[in-house]
Amino acid sequence: MLLQVENLEVKYGNIQALHGISFHVNEGEIVTLIGANGAGKTTSLYTITRLPPPEAPRVVGGDIKFKGESILKTRPSAVVKDLHLALSPEGRRIFGNLTVLENLKLATYARDRGADLDAEYERIFELFPRLKERRNQRSESLSGGEQQMLAVGRALMTGCKILLLDEPSMGLAPVLKYELFRKLKQLNEEGMTILLVEQNANLALHLAHRGYVLDTGTIVAEGTSEELLGNPEVKKAYLGG
Amino acid sequence: MKHHSLNALLAIVAVLLLVAAHFGWIDNYIQIVVMTIGINIIMSTSLNLVNGNMGEFTCGHAGFMCVGAYVSSIISVLCFGSKFGDPMLPAGSVLFVFPFILLIGGAVAAVSSLLVSVPSFKTRDDYLAIISIAVNYMIISALENMNFIGGSRGFQGMKDTYWAMIDIFDGPWMLFWVINFTIFTVWVIRRFISSTYGKGVNAICQDEVAAEIMSVNTNKIKIINFMVAAGLAGCAGGLYAHIIGYVNPQSFNILKSTEAMVMVYLGGMGSLSGAIISAILFTTLMEILRSQAIIDGMLSPVTFIFPDWEPSAGVIKWVMIPLLLVIVMQFRPEGIMGNRELSDVFPKLKKFYRFK
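Residues numbered from 1 in each chain as written. Chains lettered and ligands numbered in written order. Predicted model: local features only at pLDDT ≥ 70, side-chain atom pairs only at ≥ 80, totals over all residues.

Caption draft 1: Up close: the interface of chain B and chain A. On the side of chain A, 20 residues touch chain B, which itself brings 14 residues to the contact. Only α9 (196-206) and α10 (208-213) of chain B provide two or more residues apiece to the side of chain B that touches chain A. For the side of chain B that touches chain A, a count of residues per class yields six nonpolar, four polar and four charged. (Contact = placed C-beta atoms within 7 Å. Helix = DSSP H or I, 4+ residues; strand = E, 2+ residues; numbered from the N terminus. Nonpolar A, V, L, I, M, F, W, Y, C, P; charged D, E, K, R; others polar.)

Here it is in structure tokens:
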């Protein structure tokens, strides 16, 4: 198991957001966390990346283990640099007044000095040809879908082994959404482990190998994608029908 | 040619100034103005590092200047003065020791910046502004209550160091040091901003969380950035103390911090050349408005209507300068240069020098 979350309990102030959730991610898998608004999906990702307050909640119980070792005391910059976990955050949060290329360059902050990155830029541009067309354009002038591609590309440029994606389909037109998910599938086939948080449960489950269903801070169902897609209760509550 | 044009220009200007001062072509008053410009350039460019490049909002920069001024004054008096007993060092070594005295003052100021940078891990914006004002007051009050260095009466005796320099060679030494430290400051800041750390600083300015998930260690960058800024302000304080020959805690109060802030916002946030230009402009304007004749001339339409009113330049200056700031903010809220450098505004300058 690459990443393991055990009985995680977190609080924002006095409000408990996660009531002891456990899940794990194996190497080479796509795992998805689905659930309604306020279920604790984004909170789980923020807790894993150890972001500083005020974004991140306080861990009051449980543990997060990376390859068997607790990462609760690791600094967020070290999570990216040493553990190769990269987050593509909700709302993209790209650096708007930098160009596309500069955004990608900034992501190489984590890399070793003097590492040869030309091949990696090429790989990102191969994956997202639109970014190559617009590489010298200010990134705030990109469309929503292109910004999302940039956010994913930026996370990949950190040299990550596990990609954490927070609602990558948010605000995307259906065509772009499917295109993005095809790219994620392609990435996974090349060996990337992906933890995907998604509102669009149907789409996420069709992409993922396994899934967890969150509801107000607890895991109410888990299993392979086929099981969850076939589960009548999940279907009724989250898949709309 | 391309690599040395700016350096050569700076060297020519510096040598011309020094020669002019040495042979008395420019009088003491102009020399003091030039030195004040130099100190203000150090203050505005270093504050620009925090308020402009990092996007934090601090308004207690004079506090660090105060620490630098006092520390370097005390060391200077210990080494070459007679106030605390016999001088510890031979007067002949003053030219080698003096830059280190200023740098030690800067180093202590840099350490004192932890008082602001550590709280800045968790607070931003208005709250950090309050913390920085509080730190400014803490520093002033602490020094006012230290009787062995004069307390609120101030501290003097640094002129002994200056006389020791004059004994070696009778020249405009303080002007020499100010010019050198100003160039040093601009060089340090330019190198810092174009380094990898500088990229991290800019990332923090735009989005702290995004910077953190790009593996920028925001706490470390904040500490370093505050230390560089405060350290340079400390050097400026040391220079100021040795020019005037007297320091008083109250000369580094919130008004002085505000002056530095005005220069940063006038010049444009995050623009190094903007900070330099506005420091020159601001200091010159302050000196011009010191003249009673000019103030009388400017206000003649008003005094014509109200003949009983006799405006005093020292007071009206503080109406004119804030008014200027109001006008600038109204019509050009991004400041003189905005976020751009001189080489972005005049791309032809790039022919003469590589700015990055």
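Now that the structure is up, let's keep going.
Caption draft 2: Representation of helix α13 (residues 272-288) of chain B within the structure. Residue and element names in this part refer to chain B. Here α13 spans 24 Å end to end across 17 residues, near enough to the 24 Å set by a 1.5 Å rise per residue. For α13, the full list of buried residues reads Leu272, Ser273, Gly274, Ala275, Ile276, Ile277, Ser278, Ala279, Phe282 and Thr283. Next to the buried residues of α13 lie α2 (28-53), α8 (173-193), α12 (254-267) and α17 (342-345). (Expected span 1.5 Å × (residues − 1). Buried ≥ 20, exposed ≤ 12 C-beta atoms within 10 Å, placed from the backbone.)

Caption draft 3: Here's a closer look at the packing of helix α3 (residues 61-80) of chain B against helix α7 (residues 159-168) of chain B. Residues and elements named next belong to chain B. Put simply, α3 and α7 touch, their axes get as near as 8 Å, and they point 55° apart. With respect to α7, the axis of α3 lies oblique. Seen from α3, the contacting residues are Ser76, Val77 and Phe80; seen from α7, they are Asp160, Thr161 and Ala164. Here the residues of the contact of α3 with α7 are counted per class, giving three nonpolar, two polar and one charged. (Axes fitted to C-alpha atoms, helices over the stretch in contact; angles between N-to-C directions. Parallel < 35°, antiparallel > 145°, perpendicular 65-115°, else oblique.)

Caption draft 4: Summary view of the packing of α2(B) against α13(B). Residues and elements named next belong to chain B. Two elements in contact, α2 and α13, have axes separated by 8 Å at closest approach and are oriented at 140°. Classified by the interaxial angle, the pair formed by α2 and α13 is oblique. Judged by the sense of rotation from one axis to the other, the crossing of α2 with α13 is right-handed. Side by side, α2 and α13 meet where Val33, Thr36, Ile37, Asn40, Ile41, Ser44, Thr45 and Asn48 of the first sit next to Leu272, Ala275, Ile276, Ser278, Ala279, Ile280, Phe282, Thr283 and Glu287 of the second. Looking at the contact of α2 with α13, its residues break down into nine nonpolar, seven polar and one charged. (Left-handed = near helix turned anticlockwise from the far one by under 90°.)

Caption draft 5: Representation of the pairing of strand β3 (residues 30-35) of chain A within the structure. All names here are of chain A. Within β3, six of the six residues are buried, which leaves it mostly tucked inside the rest of the structure. Across five bridges, β3 lies against strand β9 (residues 210-215) in parallel orientation. Bridging from a neighbouring strand, Gly35 pairs with Leu214 of β9. (Pairing = 2+ DSSP bridges.)

Caption draft 6: Representation of unusual backbone geometry in the model. Residues and elements named next belong to chain A. Here Asn7, not a glycine, exhibits a phi torsion of approximately 45°, which is positive. Along the polypeptide, Asn7 turns up in strand β1 (residues 3-12). Judged by the 12 C-beta atoms lying within 10 Å of it, Asn7 is exposed. Even without a glycine there, the phi angle at Arg92 is positive, about 70°. Tracing the sequence through the fold places Arg92 in the loop between β6 (85-88) and α3 (100-107). Judged by the 23 C-beta atoms lying within 10 Å of it, Arg92 falls in the buried class.

Caption draft 7: Spatial organisation of the environment of A:Glu102. Here A:Glu102 lies in helix α3. Separated by 10 residues in sequence, A:Glu102 and A:Arg92 place their C-alpha atoms 16 Å apart.

Caption draft 8: Highlighting the environment of B:Ile280. By secondary structure assignment, the location of B:Ile280 is in helix α13. Taking the number of C-beta atoms within 10 Å as the measure of exposure, B:Ile280 has 18 and is therefore partly exposed.

Caption draft 9: Region of the structure containing the nonpolar core. Among the nonpolar cores identified, the biggest contains 160 residues, and A:Leu164, B:Cys66, B:Ala236 and B:Leu239 are the most heavily contacted of them. Ranked by the residues each element gives to this core, the list is headed by helix α11 (residues 218-244) of chain B, at 14 residues. Those residues in contact with B:Cys66, other than ones at most four positions away along the chain, are B:Ile139, B:Ile140, B:Leu143, B:Gly237, B:Pro249 and B:Phe252. (Core = buried A, V, L, I, M, F, W, Y, C linked by C-beta atoms within 7 Å.)

Caption draft 10: Examining the sheet that holds β1(A) more closely. Residue and element names in this part refer to chain A. Taken together, the four strands give an open sheet; going across it, the order is β2-β1-β4-β5, and neighbouring strands pair in antiparallel fashion. Pairing within the sheet leaves two strands with one partner each, and these edge strands are β2 (15-25) and β5 (69-70). Where β1 meets strand β4 (residues 58-66), seven bridges bridge the pair, whose relative direction is antiparallel. In the strand pairing of β4, Val10 is matched with Val59. Contacts from helix α1 (residues 41-49) reach β1, β2 and β4 within the one sheet, and its direction differs from that of β2 by about 70°.

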